[in-house]
Amino acid sequence: MDTYEVIPDILVMGKGLSGGIYPISATVISKKYGGWLRENGFAHISTFGGAEPGCYLASRVLDICSDPKTLAMVRKNAEILGQGFKDLKTRYPFLKEVRQCGLVMGLEYDDPLWAVNMCKALYDNGVWAMIAGFDYSVMQCKPWLYLDPALINEILSRFEKALKICSP
C-alpha cells in the first residue's frame with residue numbers, strides 16, 4: 001500500500017501477519033464502509049475467538065517489521081540481492097527480466113521450462129523456489145527479512161550454479 005500509494009476500503013491480511021508462525025488473519029475496513037460496526041459490531045468481532053497468542057505474535061511481528069533499523073537493513077539487502085540478480089542476468093541472457101519490489105522478486109525466463117528447471121536445480125542446490133501461479137515463465141524469489149551479506153552471497157552463488165546447470 002505504501003509503495004503504490006493505495007488506500008483500500010477493505011484490506012484482508014493473513015499469513016505474514018504472524019510471520020508464518022501462528023495462524024491469524026485480520027480484516028481492516030475504512031470508516032466509510034465499516035462505520036456501522038461502531039453501532040452494531042460486537043456480534044461480528046470474531047469467527048475463531050481465543051487467538052490471543054496469535055494477536056500477541058502479530059503485534060510483535062508488526063513492531064519488528066516497522067522498526068526503522070529493520071526497514072533500513074531490508075532496503076540495503078534488497079538492493080544488494082537485486083543487483084546480484086541483475087548482474088547474473090547479464091551473463092545468462094535466458095534470464096529475461098528481474099522484477100523487484102523490496103525483497104519480493106520475480107525472475108522471468110525466456111521459456112517456462114527454464115523456470116521449472118531452475119526451481120529443480122535450485123532445490124538440488126539447497127534453495128527452495130517456486131513458479132509464479134499466474135505465469136510459469138516467472139520464478140518467485142521471496143527471502144526472509146533477516147539476510148546478511150554472507151547469506152546473500154551464498155544465495156547468489158547457488159543461484160549461479162543452478163543457472164549453469166540450466167543453461168540452454
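Residues numbered from 1 in each chain as written. Predicted model: local features only at pLDDT ≥ 70, side-chain atom pairs only at ≥ 80, totals over all residues. Heavy atoms only, no water.

Quick notes on the pairing of strand β6 (residues 135-141)
Within β6, five of the seven residues are buried, which leaves the element mostly enclosed by the surrounding structure. In this sheet, β6 lies alongside strand β4 (residues 104-109) in antiparallel orientation, the contact comprising four bridges. The partner of Met 105 across the bridge, within β6, is Cys 141. Pairing of strand β5 (residues 130-132) with β6, which is carried by three bridges, proceeds in the antiparallel orientation. Looking across to β6, one finds that Met 130 is bridged to Gln 140. (Buried < 20%, exposed > 50% of the residue type's maximum accessible area, 1.4 Å probe, protein only. Helix = DSSP H or I, 4+ residues; strand = E, 2+ residues; numbered from the N terminus. Pairing = 2+ DSSP bridges.)

Comments concerning the confidence of the model for the chain
Low-pLDDT stretches of the model should not have their predicted coordinates read in fine detail. For the chain, mean pLDDT is 88; residues scoring 70 or higher make up 94% of the total. Predicted confidence in the chain is weakest over helix α2 (residues 37-40), with a mean pLDDT of 78, and strongest over helix α4 (residues 68-91), with 95. (pLDDT = per-residue confidence, 0-100.)

Structural notes on unusual backbone geometry
Here Glu 5, not a glycine, exhibits a phi torsion of approximately 50 degrees, which is positive. Mapping Glu 5 onto the fold places it in the segment before β1 (10-14).

Comments concerning the sheet that holds β4
In spatial order, the strands read β3-β4-β6-β5; together these four strands make up an open sheet with antiparallel pairing. Where the open sheet ends on each side, the last strands, each with one partner, are β3 (95-101) and β5. Strand-to-strand, the axes of this sheet are offset by a mean angle of 35 degrees, without reference to chain direction. (Axes fitted to C-alpha atoms, helices over the stretch in contact; angles between N-to-C directions.)

Looking at the pattern of salt bridges
Counting across every chain of the model gives seven salt bridges. Residues Lys 120 and Asp 124 are paired through a salt bridge, measuring 2.8 Å at the closest nitrogen-oxygen approach. In this pair, Lys 120 and Asp 124 are both assigned in helix α5 (residues 112-124), four residues apart and thus about one turn of the helix distant. (Salt bridge = Lys/Arg side-chain N within 4 Å of Asp/Glu carboxyl O.)

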